[in-house]
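Chain by chain, the residues run as shown.
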Amino acid sequence: QVQLVESGGGLVQAGGSLRLSCAASGPTFSSYLMGWFRQAPGKDREFVAGINWSGITYYTDSVKGRFTISRDNPRNTVYLQMNSLKPEDTAVYYCAADSDFRLTISESSAEYDYWGQGTQVTVSS
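So, a few notes on the structure that sits alongside this text. (Residues numbered from 1 in each chain as written. Predicted model: local features only at pLDDT ≥ 70, side-chain atom pairs only at ≥ 80, totals over all residues. Heavy atoms only, no water.)

## Focus on the nonpolar core
Logical step 1: Membership of the largest hydrophobic core comes to 29 residues, with the highest contact counts inside it found for Met 34, Trp 36, Val 78, Leu 80, Met 82 and Tyr 93.
Logical step 2: When residues of this core are traced back to their parent elements, those giving at least two are β3 (18–24), β4 (33–39), β5 (46–51), β7 (67–72), β8 (77–82), β9 (91–98) and β11 (119–124).
Logical step 3: Counting residues in hydrophobic clusters, the runner-up holds 6 residues, among them Leu 33, Phe 37, Ala 96 and Ile 105. (Core = buried A, V, L, I, M, F, W, Y, C linked by side-chain atoms within 4.5 Å. Buried < 20%, exposed > 50% of the residue type's maximum accessible area, 1.4 Å probe, protein only. Helix = DSSP H or I, 4+ residues; strand = E, 2+ residues; numbered from the N terminus.)

Structure, rendered in structure tokens:
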């Protein structure tokens with residue numbers, strides 16, 4: 001069983017930055033494909049970014065050039081650095097883990113086995 005705990009959310013003005021962290025339990029974190037998703041009120045959960053065990057990353061178009069996903073395997077932690085934030089980035093952000101040793105980063109939430117509780121990010125205009 002993998003437990004994921006997000007932190008780092010908050011209220012920020014447009015143009016500002018936040019760094020989200022996701023701490024994972026379990027000895028095989030380094031082999032997991034990790035993803036960040038978000039869900040705004042009244043909208044479906046959407047993929048934001050992913051990073052596989054080899055460090056390859058993938059982003060949804062709306063955050064390319066602004067967000068950076070990274071991982072620190074010795075600390076069992078994945079990060080999402082968010083710069084140039086926009087009001088439309090406002091959402092609950094979720095960390096997710098795919099434990100099936102995949103290389104290809106999926107945008108589908110169905111491919112991820114474990115989820116954190118979410119952290120709220122609010123960007124004011």
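## A few points about the pairing of β8
Logical step 1: Burial within β8 is extensive, with 5 of its 6 residues counted as buried.
Logical step 2: Where β3 and β8 come together, 6 bridges link them in antiparallel fashion. Paired with Ser 21 across the bridge in β8 is Tyr 79.
Logical step 3: Relative to β8, β7 runs antiparallel, the two being bridged by 6 bridges. Bridge pairing links Ile 69 to Leu 80 in β8.
Logical step 4: Turn length for the β7-β8 hairpin, with the two strands adjacent in sequence and antiparallel, is 4 residues, and the turn residue Asn 76 shows positive phi of about 50 degrees. (Pairing = 2+ DSSP bridges.)

## Here's the deal with the sheet that holds β7
Paired through backbone hydrogen bonds, the strands of a sheet run either parallel or antiparallel to each other.
Logical step 1: Spatially, 4 strands are ordered β1-β3-β8-β7 in an open sheet, and the strand pairing comes out antiparallel. Here the strands that pair on one side only, and so sit at the sheet edges, are β1 (4–7) and β7. Strand-to-strand twist across the sheet, computed as the mean angle between neighbouring axes with direction ignored, equals 15 degrees. (Axes fitted to C-alpha atoms, helices over the stretch in contact; angles between N-to-C directions.)

## A closer look at the state of the cysteines
What we call a disulfide is simply a covalent bond connecting the sulfur atoms of a pair of cysteines.
Logical step 1: With the rule as written, the count across this model stands at 1 disulfide.
Logical step 2: Across a sulfur-sulfur distance of 2.1 Å, Cys 22 and Cys 95 are joined as a disulfide pair. Here the disulfide of Cys 22 and Cys 95 is left-handed, its torsion about the S-S bond being about -75 degrees. Residue Cys 22 is found in strand β3, and its partner Cys 95 is found in strand β9; the two are separated by 73 residues along the sequence. Each member of the pair, Cys 22 as well as Cys 95, carries the same accessibility label: buried. (Disulfide = S-S within 2.5 Å.)

## Some details on the environment of Ile 105
Logical step 1: Residue position: Ile 105 is located in the loop between β9 and β10 (114–115).
Logical step 2: The buried category is assigned to Ile 105, whose relative accessible area is 12%.

## Quick look at the environment of Val 12
Logical step 1: Within the fold, Val 12 resides in strand β2 (residues 10–13).
Logical step 2: Val 12 sits in the buried class, given a relative accessible area of 13%.
Logical step 3: Sequence-distant contacts of Val 12, that is, excluding residues within four places in its chain, are made with Ser 17, Leu 18, Leu 85, Thr 122, Val 123 and Ser 124. (Contact = heavy atoms within 4.5 Å.)

Remember, this is a structural readout, not a statement about activity or role.
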